Amino acid sequence: MEELIAEISLKRILHWNCRGFHFLPDELKEGYEVEEIYLKWNNLSSLPSWISKLQNLTNLYLPHNQLQSLPKELNELSKLTVLDVTNNSIEVLPFGLGHLSHLTQFLAARNTLSFIPNDFQNLKSLEILDISYNTFTRFPESILQCHSLQQLLLDNNKLTALPNNIVYLPYLKTLSVCGNNLLYLPLQPFLSNPFLSFENNPNLNYLSIWLGEQLSSNSSRNIDGNSWNLPRAQGCFCRIQIPNTYNGDIVVSDTNSKRERTLTLPPSLEYVLSGTGGEACVPTLLELALRKVYSLNCSHTIQRDGSGKKPTFMVKRTFPISLDHLSLPLQLKHHVGVGPVTLCYFCNGFIFTHGVVWVIPKDCYYESEEGPSAFCIFSTVIFCSVACSVSFAQWERKSTMPNKLETIKLQWHNAFKRRLCV
């Protein structure tokens, strides 16, 4: 006991791993100067409310315990920068963690979390978030307000989609979503061009041309201009039909396999057409309003340079004024805040709910233990209007570029819930 008291009073870093603790010693109440505590591989099932007395605590490591919850008093540790609760049994996080304004790392992999409190959006210093191996079925959108995020790890959950505006996180360096149930990835390239890993999403069966080109341009493998190198694609693009539990949107005729493949588009893209057969569809008033309001209040472009061996991208998006100051109906303000689902491949026009969709085959490669493996996937090319799709096709015909997209696009038809413009 005396040794424990002396250790607490003399040391600012407590290495208490593998001590067999079932609860924190009461003597720690007097650890006002303690800054870091390592409590890995103990038998803790809860933390005491008096933990809030450790006002100088900056790092708290609790992996491999038996914690089922965290006390709300944690939010009083104003200097806390690292909270690691990996490999516990935590089901719910307490409201109030958003008050930890200096928190830079929150590590909560291998728990049973399915929800993130909304006040997480206040964690403006958060750089690393690991919530892999939990039970999330929906992406916790409050995370998107954590603009300092650099690493976001979401592996082995039950996610079926990522929000469109995840591409706008300005400092994101690593995004890992392996082992989920993703039906699609965002249709735009990422603002920060992060390392994206998405292996073992068997229901993922296409990539947008914007994102596919960005991912391939980051690879070190030199391939021909019509092929992509997708080093993190193992275990994807292998499903012909989307499982019955999900609604597919368009059905594509695969001329190679003589089979049809079902693709799921983001739900915000409500009106789609193929741009063939003399279709003429005027965008809805909502779509026209969104495009106008967004263009007046946001500068947003995708600049693609295809002059080199690989295309390079520069994505820019800035809001000169806060959306809070815009006098808009709530529906418009929400759509404008989230941003467009993608930008037109020809004119960079904004696309929110209405688009012309081309589906094209793309040859791809990824590195495996046996060497490079080749496969073919579908890619979507989306335009803001029939006029833009026609203008792009005319430009292609006049250009000297090989592998013209118009000549290889595939036919598709409506599946279940997508509203077609005819």
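Scroll up for the structure.
Only a predicted model underlies this, so the values are computations on that prediction, with no experimental measurement involved. (Residues numbered from 1 in each chain as written. Predicted model: local features only at pLDDT ≥ 70, side-chain atom pairs only at ≥ 80, totals over all residues. Heavy atoms only, no water.)

Caption draft 1: Representation of the sheet that holds strand β9 (residues 195-197). Strand order across the open sheet formed by 9 strands is β1-β2-β3-β4-β5-β6-β7-β8-β9, with parallel pairing between neighbours. Edge strands, defined here as strands with exactly one partner in the open sheet, are β1 (13-15) and β9. Strand-to-strand, the axes of this sheet are offset by a mean angle of 5°, without reference to chain direction. Two strands pair when backbone bridges link them, and strand β7 (residues 151-153) and strand β8 (residues 174-176) are joined in this way by 3 bridges, in the parallel orientation. Of the residues in β8, the one forming a bridge with Leu 152 is Leu 175. (Pairing = 2+ DSSP bridges. Helix = DSSP H or I, 4+ residues; strand = E, 2+ residues; numbered from the N terminus. Axes fitted to C-alpha atoms, helices over the stretch in contact; angles between N-to-C directions.)

Caption draft 2: View of empty space enclosed by the protein. For the structure shown, the criterion picks out 1 cavity of 30 Å³ or more. Counted as a void, the largest cavity has a volume near 40 Å³. In terms of lining residues, the largest cavity is bounded by Leu 187, Ser 208, Ile 209, Trp 210, Thr 342, Leu 343, Tyr 345, Thr 380, Val 381 and Ile 382. Sorting the residues of the lining of the largest cavity by element identifies α2 (209-217), β17 (342-343) and β20 (371-383) as the ones contributing at least two each. Broken down by element, the residue count for the lining of the largest cavity peaks at 3 residues, all from β20. Each residue belonging to the lining of the largest cavity can be placed in one class, and the counts come to 7 nonpolar, 3 polar and no charged. (1 Å grid on protein atoms, 1.4 Å probe; cavity = no way out; pocket = protein on both sides within 12 Å on 5 of 7 lines; lining within 4 Å. Points joined across faces, edges and corners; volume = space filled by probe spheres on them. Nonpolar A, V, L, I, M, F, W, Y, C, P; charged D, E, K, R; others polar.)

Caption draft 3: Structural detail: the side chain of Thr 86. With respect to the secondary-structure elements, Thr 86 resides in the loop between β4 (82-84) and β5 (105-107). Polar contacts involving the side chain of Thr 86 include one to the side chain of Asp 84, which spans 2.7 Å. Those residues in contact with Thr 86, other than ones at most four positions away along the chain, are Leu 62, Pro 63, His 64, Leu 107, Ala 108, Ala 109 and Asn 111. (Polar contact = N/O pair within 3.5 Å; in protein donor to acceptor, adjacent residues only side chain to side chain. Contact = heavy atoms within 4.5 Å.)

Caption draft 4: Examining the pattern of salt bridges more closely. If you walk through the whole model with that rule in mind, you get 5 salt bridges. Across the pair Glu 406 and Arg 397 runs a salt bridge whose closest N-O atoms are separated by 2.7 Å. Residue classification places Glu 406 among the partly exposed positions, given a relative accessible area of 24%. (Salt bridge = Lys/Arg side-chain N within 4 Å of Asp/Glu carboxyl O. Buried < 20%, exposed > 50% of the residue type's maximum accessible area, 1.4 Å probe, protein only.)

Caption draft 5: Spatial organisation of the environment of Pro 267. Assignment of secondary structure puts Pro 267 in the loop between β13 (259-263) and β14 (271-273). Exposure remark for Pro 267: the relative accessible area of 55% places this residue in the exposed category. A sequence separation of 74 residues divides Pro 267 from Val 341, and the C-alpha atoms of the two residues are 9.5 Å apart.

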